Amino acid sequence: MVSRSVLFAVLSLLCNGIDAFHNLFPIDIGFSEEDPFLTTEREEFDDCHLRYMRYGKDELDIPEPLRAYEEPRDYSHIATIGRRRNGGTIDWTCMGALIWDSVVITSAQCTTDEGFNGIPSVVRLGGTKYVQVINIKEVIRHPDFMPSNGQNDIALLQLDRKIIINETAVPTCLWLFDGVPFQKLDSIGRTAASRRQQTPEFVTEEMTTVNVKSEDCFAPTTRNQGLPESQLCMETLKQNADNCQDKPEGNPLQARLLHNFQTSPFLIGLVTSSFTSGSCNRRRGYTKIGSHRDWLMQVLLERNVSVTPEDFFPVVCANRFRGLRPRADELVLERNGAIPVNSIQVEFVRDRDLQYIVQFRWPSDAKNVPQMNCAGTFVDQQTVLTLAECVIATTPKGVQPTDVVQVSRFRNTSYPIKSITVHPHYVKSSQKNNIAVVKLQSRQDVVPACVWTHRILPDSRVDLTGAGMSILNNFQESIFVEDDLTNAFVQPAMDHYPWANCSTELGQLVGGNRSLDGLTKNEHLCFRSDQWIVPGVCEDVPGAPVLRYINRAGAFFKYVYALTVAGKTCGHGIPTIAVQLAPHAAWLRSVILDKSNSGGQKASESVIVINPDLKRSDECSNGDGTMGICVPYAMCLSTKERLRKGERVTLCTDGTVVCCPWGDIAKNSGGDLIRTELDSCENRYHSLRRQRYSGFSQNESLYSNLPHVAEVGWPQNNGGIAFECFGYLITSSIIVTSARCLETYSYKPVVARIGSVQAADSSNYIIQTIRRVRVHDDYDSQTGANNIGLLILAAPIEINEYHFPGCLYRNNTHLPTRQFAISDDRDATFFLKVSPIYQSECQQRLTVPLVSGQMCLLKAQPEGVYNPRNKCLRTGDVIVWEHRTEEEDVMDVVYLVGLFSHGGCNAENVQIGTRISSYYDWIIANGK
């Protein structure tokens with residue numbers, strides 16, 4: 001028995017290199033340059049990219065150019081059949097298809113000597129460079145072949161030796177089923193030039209099926225009674241008179257079916273003599289291979305050919321020669337990231353990247369469960385969307401699923417369900433309003449999908465989720481036969497299909513206890529491709545998501561458009577129908593947010609007081625003990641938040657001037673030099689930022705330092721200086737850092753080194769003596785409350801492009817979602833992307849209450865990046881936001897948003913920071 005450790009070692013090896021998505025490339029809908037902000041608590045339903053910014057991936061993995069084939073592979077299964085003349089020359093008169101390493105199939109008409117120079121004696125396979133010519137050992141014609149009407153027009157040619165299978169000579173697969181679902185098929189013929197020059201050049205002619213009993217298929221050979229059920233009646237879509245042949249040549253009729261990002265030919269039939277004009281007739285009869293499968297297997301077994309019926313199963317045949325089939329290049333090149341190369345990697349992708357797709361567990365005694373194979377989709381870390389029919393109560397007592405289940409290779413994980421809310425207007429056995437919201441008892445660390453709330457899709461190409469065999473959903477170009485028939489969630493690319501076209505094909509979905517009642521263009525979407533797949537590649541799963549990655553704020557997030565309600569082949573050849581989420585956005589918002597509207601408390605519920613005696617610049621109060629001053633509405637950073645919370649807002653005379661607390665004013669008072677310098681930061685140092693930008697474009701190494709970051713230094717017994725933590729220069733003489741940083745030693749720091757981090761030369765930074773150290777009076781080393789301190793320099797520093805003050809972020813109600821913590825690890829500076837979370841979520845993660853003036857952050861965990869290394873932050877590490885803009889008056893302003901206070905090293909640990917905007921007035925008051 002293989003040990004578990006060995007299994008994990010093998011898994012690790014096989015999964016190496018799958019560190020990216022393998023979905024369609026993210027699309028840019030014009031939001032890639034947005035700079036989003038997160039509120040203190042959730043207000044909007046469409047906030048997914050804000051609250052889960054930490055999962056956004058911002059790197060594209062462009063595939064390498066595909067290796068060109070030395071010879072085309074489209075006709076590697078086609079054999080040319082020849083007759084030797086007495087002089088040794090060969091007349092290549094017919095065609096056939098290689099079905100095994102020593103057997104070719106053709107029409108019986110091609111094996112007679114009528115009109116030819118004797119019976120066939122040789123076959124040719126391969127391309128122009130590598131050709132195999134092999135003698136025929138035996139011709140086995142169907143015993144009931146009737147030349148007069150083309151019935152049983154089929155024969156086998158057993159070769160005198162096995163061919164060498166390579167990319168130019170590969171057996172075809174056989175479609176041995178009675179039914180032929182494909183509306184369009186390809187007929188293979190020889191070009192006129194190949195007949196004249198006796199070369200292996202072939203051409204494909206697209207044909208469509210016609211009812212064999214219709215008048216269109218009446219033929220003289222069948223006494224105008226139509227063709228028998230053992231034949232197919234086909235009509236060419238575009239006649240090519242140059243390449244047609246009056247006499248039937250055994251032309252193969254095939255369908256190319258998709259698997260493993262390649263296509264395999266499946267032989268459907270062989271042209272018959274039912275119609276007298278061969279390939280020059282627009283309508284032709286073809287002998288169905290499936291109607292003769294018993295005879296075919298009998299012949300092979302009687303001649304001891306090492307083949308079994310299972311060898312012709314579609315999945316077995318497709319898997320056997322998948323490394324030798326032609327690629328579907330366009331499908332490979334449209335994927336972002338490495339495509340799995342074996343079945344284990346397919347399952348690894350499911351286990352790591354598709355964990356937001358779950359299934360449902362019902363009580364063991366539940367009866368008449370409506371859908372055991374349903375799926376659901378996480379749309380936040382505690383909410384799953386699915387179909388109403390997947391979770392609706394099955395008995396009058398209300399038996400419903402108890403858990404959602406994440407399926408993985410080694411073990412399944414269950415999460416208890418808290419509540420199930422089915423759309424109130426859902427009618428059982430109808431597709432109208434077929435949607436439900438499942439809430440879990442606790443939050444789960446899963447990367448959810450976002451809900452696309454717009455009716456118009458941003459692109460017609462989507463990732464459609466289904467279930468398929470792992471061995472048919474990986475990609476490699478070498479022969480590597482697998483026998484693992486495990487199913488996994490897969491996401492093939494699919495096309496949005498116009499409803500007007502789709503509605504005419506819905507009859508193909510009837511069956512399997514699936515109701516089509518209630519399908520409408522206003523609520524449902526249709527997806528379809530003309531490309532059929534090998535059975536087993538993908539089957540539709542009710543409730544599975546239809547989605548696409550979209551670029552938001554420079555990162556990629558998956559947006560689910562719809563949930564599958566009906567389909568068979570994930571849209572390949574047969575439509576897949578999905579219920580669109582956008583028409584249900586209002587209902588989803590009310591259930592998921594548990595509010596009647598997305599804005600929470602209405603503004604009208606706030607207490608708004610108009611004081612006609614107040615005017616601009618008057619001192620005022622909002623009646624809650626906070627004092628402020630009357631300023632224009634746009635200058636008050638907290639008014640929107642007070643309205644949202646329903647708190648009192650005082651208007652000074654009219655609605656354009658409000659009473660704003662002192663700490664929330666975007667102040668610009670000329671009477672306070674520190675405040676003036678802080679408030680004018682954006683414009684004051686604009687020319688230096690422009691100078692750095694220009695210099696960096698010419699010499700990156702010269703401008704690699706961080707001009708606002710300071711290192712705080714303490715004297716050592718050996719006479720040296722130990723720089724232990726970071727600070728941030730905010731004026732020419734003030735550095736802000738954490739109080740905990742200033743506790744590094746029992747004595748105070750004496751110097752600060754400014755602009756030294758990542759400096760290429762010592763002339764690019766400055767060392768300045770510290771005059772005074774100021775720690776917040778209410779600093780609590782146990783809780784981290786008020787963890788902030790100031791360093792007042794002995795003299796203002798020299799301002800230049802290598803060291804100058806950065807700006808303070810002053811908004812008390814919103815935080816940038818894209819922040820960076822700057823830290824140091826063994827003298828190597830690193831930048832760690834961090835994102836804020838809602839305070840209520842933060843409190844759920846903490847064991848102690850969050851105190852005023854603190855903010856909660858989580859480290860970035862980009863989706864699709866395997867096992868990111870945990871980085872530890874140090875107290876005092878600066879947390880910044882770079883505001884990128886193309887405006888001429890501001891360029892790449894770097895704002896100090898916070899200072900790292902405390903938090904664990906693991907990616908899931910909350911990082912607590914001191915929020916600078918909460919201490920803006922304290923900094924001004926204590927920076928003198």
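Residues numbered from 1 in each chain as written. Predicted model: local features only at pLDDT ≥ 70, side-chain atom pairs only at ≥ 80, totals over all residues. Heavy atoms only, no water.

By the naming in an unreviewed UniProt entry, the chain is Peptidase S1 domain-containing protein, taken from Anopheles quadriannulatus. On record in UniProt, under Sequence similarities (unreviewed entry), the comment for the chain is "Belongs to the peptidase S1 family. CLIP subfamily." (UniProt positions renumbered as here; feature names shortened; annotations may be inferred.)

Asks: Tell me what's going on with the packing of aromatic side chains, and back it up with residues and numbers.
Replies: Tallied over the full model, the rule gives 19 aromatic pairs. Pairing Tyr 809 with Trp 881 gives two aromatic rings, centres 5.6 Å apart and planes at 85°, and the pair type is edge-to-face. Of the two residues, Tyr 809 sits in the loop between β42 (807–808) and β43 (814–816) while Trp 881 sits in strand β47 (residues 878–883), which places them 72 residues apart along the sequence. Trp 881 matches Tyr 809 in its accessibility class, with the two residues each being buried. Consider the rings of Trp 881 and Tyr 895, whose centres lie 5.2 Å apart with planes at 25°: the pair is stacked. Taken together, the residues Trp 881 in strand β47 and Tyr 895 in strand β48 (residues 893–902) connect sequence positions 14 residues apart. For the pair Trp 881 and Tyr 895, a shared accessibility class is recorded, and that class is buried. (Phe/Tyr/Trp six-rings, centres within 6.5 Å; stacked < 30°, edge-to-face > 60°. Helix = DSSP H or I, 4+ residues; strand = E, 2+ residues; numbered from the N terminus. Buried < 20%, exposed > 50% of the residue type's maximum accessible area, 1.4 Å probe, protein only.)

Asks: Can you tell me about helix α4 (residues 293–302), naming the residues and giving the values?
Replies: Of the positions making up α4, those classed as buried are Trp 295, Leu 296, Met 297, Val 299 and Leu 300. Of the residues one or two after α4, Asn 304 is the one with positive phi, at around 55°.

Asks: Explain the pattern of salt bridges residue by residue, including any values.
Replies: Evaluated as defined, the whole model comprises 29 salt bridges. Here Glu 302 makes a salt bridge to Arg 303, at a shortest N to O gap of 3.5 Å. Ionic pairing is found between Arg 461 and Asp 495, a salt bridge with its closest N-O pair at 2.9 Å. Note that Arg 461 is positioned in strand β22 (residues 461–464) and Asp 495 in strand β25 (residues 493–497), a separation of 34 residues in sequence. With relative accessibility at 16%, the residue Arg 461 sits in the buried group. One network of salt bridges, with partners in common, ties together Arg 54, Arg 443, Asp 445, Glu 841 and Arg 845. (Salt bridge = Lys/Arg side-chain N within 4 Å of Asp/Glu carboxyl O.)

Asks: Quick one: what's the story with the side chain of Thr 168, residue by residue and with numbers?
Replies: Along the polypeptide, Thr 168 turns up in the loop between β7 (155–159) and β8 (173–174). There is a polar contact of 2.7 Å between the side chain of Thr 168 and the side chain of Asn 166. Excluding its chain neighbours within four sequence positions, the residues that come into contact with Thr 168 are Glu 71, Ser 76, Gly 126, Gly 127 and Tyr 130. (Polar contact = N/O pair within 3.5 Å; in protein donor to acceptor, adjacent residues only side chain to side chain. Contact = heavy atoms within 4.5 Å.)

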